[in-house]
Amino acid sequence: DRKIKIAPSILSADFANFGAEIRAIEAEGADWVHVDVMDGHFVPNLTFGPMAVKAFRPHVKTVMDVHLMIAPVDPYIDAYADAGADVLTAHVEAGPHIHRTLQAIRGAGMKAGAALNPGTPAEAVAHLLDLTDLICVMTVNPGFGGQKFIDMTAKIARLRQMIGDRPVHIEIDGGVDPKTAPLVARAGADVLVAGSAVFRGGSVDKPEVYGQNIREI
Ligand code: DX5
Ligand code: ZN
């Protein structure tokens, strides 16, 4: 049956060595590279913007999966398309016009993702399923790595039901580790984001630890 993809989040990587870290996790088996963009407004943290994401692009050989924890989204869509994002995910909570935002993301040539915070019901994407390629289910409140997993298995199962046979990926993001991964995989997840669980104990000088961690998830 479907192979679960692992998308390490570089939020937990060494912020002084993103190029080397990206190359290391891909060499060690990462399926996608998850890039967490935070604006210090939608979430209480600030990471990097389009210029940095553009600098990451040449080092990403697989899929650059950009998770926008920003509001508003629309003014920046073209900048992330130019930066080379393959998947661009916006939070349904980031503004009043998620339907238009998803149309604009696809219009800019990227795969479109819709992200749901833990407090947002699956029904929030009921009218978006033909406009999205991916639904990102947050299993932590966004803003930081290393947080405790919040069980969203019922929401994942509900989404799986709503999606039916549409080609929409379910991505799980937050607190995914060898203990919680089986839970969400069984509920119907396709892509597992993991930051601290992948980068824990490794470094650009010890990339084999990343490979071990990825295989354990
Ligand atoms: C949180 C980010 C997640 C985070 C996951 O706001 O969207 O992608 O980096 O980190 P872990 O796997 O450590 O919870
Ligand atoms: Zn994320």
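For clarity, every value in this text was computed on a predicted model and none was experimentally measured. (Residues numbered from 1 in each chain as written. Chains lettered and ligands numbered in written order. Predicted model: local features only at pLDDT ≥ 70, side-chain atom pairs only at ≥ 80, totals over all residues. Heavy atoms only, no water.)

(A) Seen up close, the pattern of salt bridges. Counted under the stated rule, the structure contains eight salt bridges. Where Asp82 meets Lys54, a salt bridge forms, and the shortest distance between an N and an O atom there is 2.9 Å. Placement of the pair is Asp82 in helix α3 (residues 77-83) and Lys54 in helix α2 (residues 50-56), with a sequence separation of 28 residues. Accessibility expressed as a relative area gives 43% for Lys54, which makes it partly exposed. With a closest N to O distance of 2.8 Å, Arg166 and Asp130 form a salt bridge. Here Arg166, found in the loop between α5 (153-163) and β7 (169-173), pairs with Asp130, found in the loop between β5 (111-116) and β6 (134-138); they are 36 residues apart in sequence, far enough to count as distant. Exposure remark for Arg166: the relative accessible area of 30% places this residue in the partly exposed category. For Asp130, a relative accessible area of 60% translates into the label exposed. (Salt bridge = Lys/Arg side-chain N within 4 Å of Asp/Glu carboxyl O. Helix = DSSP H or I, 4+ residues; strand = E, 2+ residues; numbered from the N terminus. Buried < 20%, exposed > 50% of the residue type's maximum accessible area, 1.4 Å probe, protein only.)

(B) Focus on the UniProt feature "binding site: substrate" (unreviewed entry) in the protein chain. Under the local residue numbering, the UniProt record ascribes the feature "binding site: substrate" (unreviewed entry) to Ser9, His67, Gly143, Phe144, Gly145, Gly146, Asp173, Gly174, Gly175, Gly195 and Ser196. Along the chain, the position of Phe144 falls in the loop between β6 and α5. Setting aside residues no more than four positions away along its own chain, Phe144 makes contact with Leu11, Met38, Pro44 and Asn45. Examined against the element boundaries, Ser196 turns out to sit in helix α7 (residues 196-199). Apart from residues lying up to four places away in sequence, Ser196 is in contact with Ser12 and Gly146. (UniProt positions renumbered as here; feature names shortened; annotations may be inferred. Contact = heavy atoms within 4.5 Å.)

(C) Region of the structure containing the packing of aromatic side chains. By the definition in use, this model includes six aromatic pairs. Consider the rings of Phe18 and Phe56, whose centres lie 4.8 Å apart with planes at 55°: the pair is tilted. Highlighted residues: Phe18 in helix α1 (residues 18-27) and Phe56 in helix α2, separated in sequence by 38 residues. A single burial state applies to Phe18 and to Phe56, both of which are buried. Through successive ring pairs, a cluster of aromatic residues spans Phe15, Phe18, Phe48 and Phe56. (Phe/Tyr/Trp six-rings, centres within 6.5 Å; stacked < 30°, edge-to-face > 60°.)

(D) The arrangement of the side chain of Glu26 in detail. Considering the arrangement of structural elements, one finds Glu26 in helix α1. One buried charged residue, Glu26, forms no salt bridge at all, with the nearest opposite charge on Lys61 at 5.8 Å. Excluding residues that lie within four positions of it along the chain, Glu26 makes contacts with Val33, His59, Val60, Lys61 and Thr62. (Lys, Arg positive; Asp, Glu negative; His and termini not counted.)

(E) Inspection of the environment of Ala115 at higher detail. Tracing the backbone shows Ala115 in strand β5. On the basis of relative accessible area, Ala115 is assigned to the buried category, the value being 0%. Taking the C-alpha atoms as reference, Ala115 lies 8.2 Å from His67; in sequence the two are 48 residues apart. When residues no more than four places from it in sequence are discounted, the contact partners of Ala115 are His67, Thr89, Ala90, His91, Val92, Glu93 and Cys136.

(F) Spatial organisation of the nonpolar core. Counting 70 residues, the largest nonpolar core has Ile10, Val35, Val66 and Val125 as the members making the most contacts within it. In this structure Val35 touches Ile10, Phe48, Val53, Phe56, Met64, Asp65, Val66 and His67, once residues within four positions along its chain are discounted. Judged by nonpolar contacts, the second largest core, of ten residues, contains Trp32, Val140, Val191 and Val193. (Core = buried A, V, L, I, M, F, W, Y, C linked by side-chain atoms within 4.5 Å.)

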